[in-house]
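What follows is each chain in one-letter form.
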Amino acid sequence: MTCSALLATLIVFSVMGFCVTNEAQAMRQSVEFHEPTKKSHTMRPRLKRGWIWTQFFIREEEPPPQNIGQLKSNSDKGDLSIKYVLSGEGAGEVFHIDEHTGEISTLRKLDREEKAFYVLRGQALDRRSNQPVEPESEFIIHVQDTNDNMPQFINEPYVSSIPEMCPIGTTVVQVTATDADDPLYGNNAKLIYSIQQGEPYFSVEPKTGIIVTSWPNMDREAQERYLVIVQVKDMMGLSGGYSATTTVTISLSDVNDNGPTFQHNLFTFAVAESAPVGTTVGRIMADDADVGINARMNYSLEEADGSDTFQIRTDPVTQEGVILLVKPLDYESKRRFVMAAEAFNDHVDTRFLSYNEFRDRTTLKIFIEDVDEPPVFTTGEYEWKIQENMAAGMTVGIVSARDSDAANNPVRYYIDKGTDMKSEFRIDPDNGTIMIAKSLDREASAWHNLTVTAKEKKKDLFSSALVFIKVLDVNDNAPQLSREYRPYICEGVQSGELVQVISAVDQDDPPEGHHFYFSMVPEKRINPNFTLRDNQVPSCHVIDNTASVLTRRSSFTRQDRTQYLLPVVITDSGSPALTSTATLTISVCSCRPAGHCPTGGVEAFALSMGLSVRTLIGILVSLLTLTVLAILMLAVWKHRKQRQKKEPGREKGTERWDYVSEKVLRYSETGIEDEVFQQFILDRLTDADNDPCAPPFDCLHTYAFEGTGSPTGSLSSLGSCASEPNFDRPLDPGQRLMRLAPWTGGGEDQTTF
């Protein structure tokens, strides 16, 4: 038998020996095995295998020192020549070995949940030479479990909900606990669940922890919530084990098993006879033990005397019946109204009650006198929608507040001026109806946020609520061109060429988006010069919202005309549709080879090509006449000077005449008669004699005389301060005049022919 086979055999016997020993023997073990005295084939000294061990056992939580076992070598003769050494997990910290005897003991308590086993190595050394007398061997120390951990619930807290009136055995929830002890050793970690509190309504499955109902027809209206205490014990529930508890909160959800019930057979109210229509007379309330949708109800008034004077509506928040005044009251004609009111559920469940059990009746008495209401709003926020441009006086919505006191004082409503600075809204102070005071414009403001205050008449008590009003869009803005277009065409452009692509904008905001239609003015739909093409593609359902201006003919020249006016009609897709007309001014340009129109080219060309030959001849003749006249006047002036030198003793009146004669005409036109000119000079002389502020005689006073007979009117600036020229006067087509921009240096001017 080989050494390895012998080692395996010894391990088997060691384990079997442990199984038959008691617990005390397991705590103290000494293992000695002798190597067979098998002769070696060589003469070398034989290495004796004198000891082997596999595993030891020790219970956890035992106080130290606890003797675990003993390592013993057959080389140990008891003379203390052998030294035992321990190494591995916990050596020197958890475990100690007596180097003389080989006994192993604990240094501290062991916790299986912290570490379940330790792997160590033992060695026997010659004390003098410090050489091993036995090969190093590995063994395991197992920590046996004890019931030192109590079970613990996980996933706490436990909260569950089941419908009321559910059958027995309905699963509620499962509770789960864990135990840190060894589940494979004894019953330390075997758990049992039980109910400590909650019977007879609930029970728990002992092994799984599943809680189920054990009571029929549990009523939420009788008890809505249950606290169930569940206990878990280890050791299979035997004595000496540990236990833990947890609380399970179980709620019953509502079903519609109750109908509305009036707590009073008679409700009495009072209202002032001066109360306006729409005033809240009072509120009634039918109790319904259910909640949520199962408690939702409506109210109605039976046909009776006065039922047409009042109306009842259901408050969706409080589920109260709100009694409203719908006709004016007259105390002298009728002082009291008696009628029946009925409350009934919206949703009926006939599994629990019959149809008639979901309704109840009461009697209303309304006295015509003053009554108070509290300033408690039914909700803290209101949100409404209204279309823009609605007429003043239209109702936006109604805020409602009531007096929670027994006095039931009346309430008046106010809008905080700080939230309605433009006074665009007004509120009925008696019934909280908010109305439009001014027409609203969505484009100016799409939202209005108001603060409404409710105040009791007889007490200085008030509360506030927020009101959000959204203004909805209507088609009240006509479309316009998206920008100012300056289209032009080049001389010689061909028919069908693109002049300009135009688009439009609209301040409105339709939900489907903008859709614009472009067309010519109806009475000028057939334009000989241009045509308009709407770029929408109906077959492809594409909305381009643009239009193209195209030439309708060719041979545009600046000599014929420099500008064309093209009216364009733009229509939106609103209901009703709105239309606007925009006029495009299309200029004719003498374009460069690349098709570019130079700046100023449109206006400058009007000078070179817009004047007729007859007009040019007239201008040249006038200039020549003015030049000749100026030369003649200069000769006359020199002649006068020479006469003054020859006749120094002239009279004062003659000198005055000479002075006036020197103020000669600088510019004039053709066709001047001598008599007319002489009369003009005499008139100027009279003006000078009668003018106390006349300049000294050595000053030159210049006059301009135009003559008579011009069919085109005056070209002079004389008298322009006194009167404006009459441009409405029709001119002879042959006498057209044009501003000579390049000669006079004037600015640009658009002219249409």
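In this numbering scheme, every chain counts its residues from 1 along its sequence in written order. Confidence filtering applies because this is a predicted model: local features only for residues at pLDDT of at least 70, side-chain atom pairs given and counted only at 80 or more, and all residues used for totals across whole chains, interfaces and linings. Side-chain figures throughout are based on the complete set of non-hydrogen atoms in the structure, without hydrogens or water.

- Under an unreviewed UniProt entry, the chain has the name Cadherin-12 and belongs to Synaphobranchus kaupii.
- UniProt positions are given in the numbering used here, feature names are shortened, and annotations may be inferred rather than shown by experiment. According to its UniProt record, the chain has this under Subcellular location (unreviewed entry): "Cell membrane".
- Under the UniProt heading Function (unreviewed entry), the entry covering the chain gives this text: "Cadherins are calcium-dependent cell adhesion proteins."

### Here's the deal with the overall build of the chain
Reasoning step 1: When its secondary structure is counted, the chain shows seven helices and 43 strands.
Reasoning step 2: Working definition: with a 1.4 Å probe on protein chains only, accessible area under 20% of the residue-type maximum means buried, over 50% means exposed, and in between means partly exposed. Across the 753 residues that make up the chain, the buried fraction comes to 37%.
Reasoning step 3: The contact definition used throughout considers only heavy atoms, calling two residues in contact when any of these lie within 4.5 Å. Nonlocal contacts in the chain, meaning residues at least 24 apart in sequence, comprise 68% of its contacts between residues at least 6 apart.
Reasoning step 4: Accessible areas in this description were obtained via Shrake-Rupley with a 1.4 Å probe; residue shielding takes into account the shown protein chains only. Accessible surface computed for the chain: about 43,600 Å², of which carbon and sulfur atoms make up 53%. The numbering of helices and of strands both runs from the N terminus, where a helix is a DSSP run of H or I of at least 4 residues and a strand a run of E of at least 2.

### So, the sheet that holds strand β43 (residues 579-589)
Reasoning step 1: Read across the sheet, four strands follow the order β37-β43-β42-β39 without closing on themselves; strand pairing throughout is mixed. Each having just a single partner strand, β37 (488-490) and β39 (517-520) make up the two edges of the open sheet. Averaged over neighbouring strand pairs, the angle between their axes works out to 35° when direction is ignored.
Reasoning step 2: Note on pairing: DSSP must find at least two bridges between two strands before they are called paired. Of the strand pairs in this sheet, β37 and β43 are connected by three bridges, and their pairing is parallel. Its bridge partner being in β43, Tyr-488 is matched across the sheet by Ser-587. Working convention: axes come from line fits to C-alpha atoms, limited for helices to the stretch in contact. Angles between N-to-C directions cover 0 to 180 degrees.

### So, a nonpolar patch on the surface
Reasoning step 1: Together, Leu-624, Val-628 and Leu-632 make up an exposed nonpolar region whose accessible area comes to about 290 Å².
Reasoning step 2: One can find Val-628 in helix α4 (residues 613-646).
Reasoning step 3: With a relative accessible area of 43%, Val-628 lands in the partly exposed category. The patch calculation keeps residues exceeding 30% relative accessible area without a salt bridge and links them within 9 Å when they carry like charges or within 5 Å when they are nonpolar (Val, Leu, Ile, Met, Phe, Trp, Tyr). By salt bridge we mean one thing: a side-chain nitrogen of Lys or Arg within 4 Å of a carboxyl oxygen of Asp or Glu.

### Overview of the sheet that holds strand β15 (residues 210-213)
Reasoning step 1: Taken in spatial order, the three strands line up as β11-β15-β14 in an open sheet, and their pairing is antiparallel. Either end of the sheet is taken by a strand with one partner, and the two such strands are β11 (171-174) and β14 (202-204). Ignoring strand direction, the axes of neighbouring strands in this sheet form an average angle of 25°.
Reasoning step 2: As paired elements, β11 and β15 share three bridges and run antiparallel to each other. The residue bridging Thr-171 from the neighbouring strand is Val-212, located in β15.

### Overview of the pattern of salt bridges
Reasoning step 1: Tallied over the entire structure, the rule returns 17 salt bridges.
Reasoning step 2: With its nearest N and O atoms 3.6 Å apart, the salt bridge here joins Arg-486 to Glu-484. Comparing Arg-486 with Glu-484 shows no difference in burial state: the two are exposed.
Reasoning step 3: Taken together, the shared-partner salt bridges in this structure form one network comprising Arg-220, Glu-221, Glu-224 and Asp-254.

### Some words on unusual backbone geometry
Negative phi values dominate among residues other than glycine, just as trans dominates among peptide bonds.
Reasoning step 1: Pro-65 follows Pro-64 through a cis peptide bond whose omega is -5°.
Reasoning step 2: By the element assignment, Pro-65 lies in the loop between β2 (55-59) and β3 (67-71).
Reasoning step 3: Residue Pro-200 follows Glu-199 across a cis peptide bond; omega there is 5°.
Reasoning step 4: Tracing the backbone shows Pro-200 in the loop between β13 (192-197) and β14.
Reasoning step 5: Positive phi, close to 55°, is recorded for Asn-217, a residue that is not glycine.
Reasoning step 6: Take Asn-217: its relative accessible area is 49%, and that puts it in the partly exposed class.
Reasoning step 7: The backbone of Asn-389 sits at a positive phi, close to 65°, despite the residue not being glycine.
Reasoning step 8: Locating Asn-389 in the fold gives a position in the loop between β28 (381-387) and β29 (395-398).
Reasoning step 9: Residue Asn-389 is classed as partly exposed on the basis of its relative accessible area of 37%.

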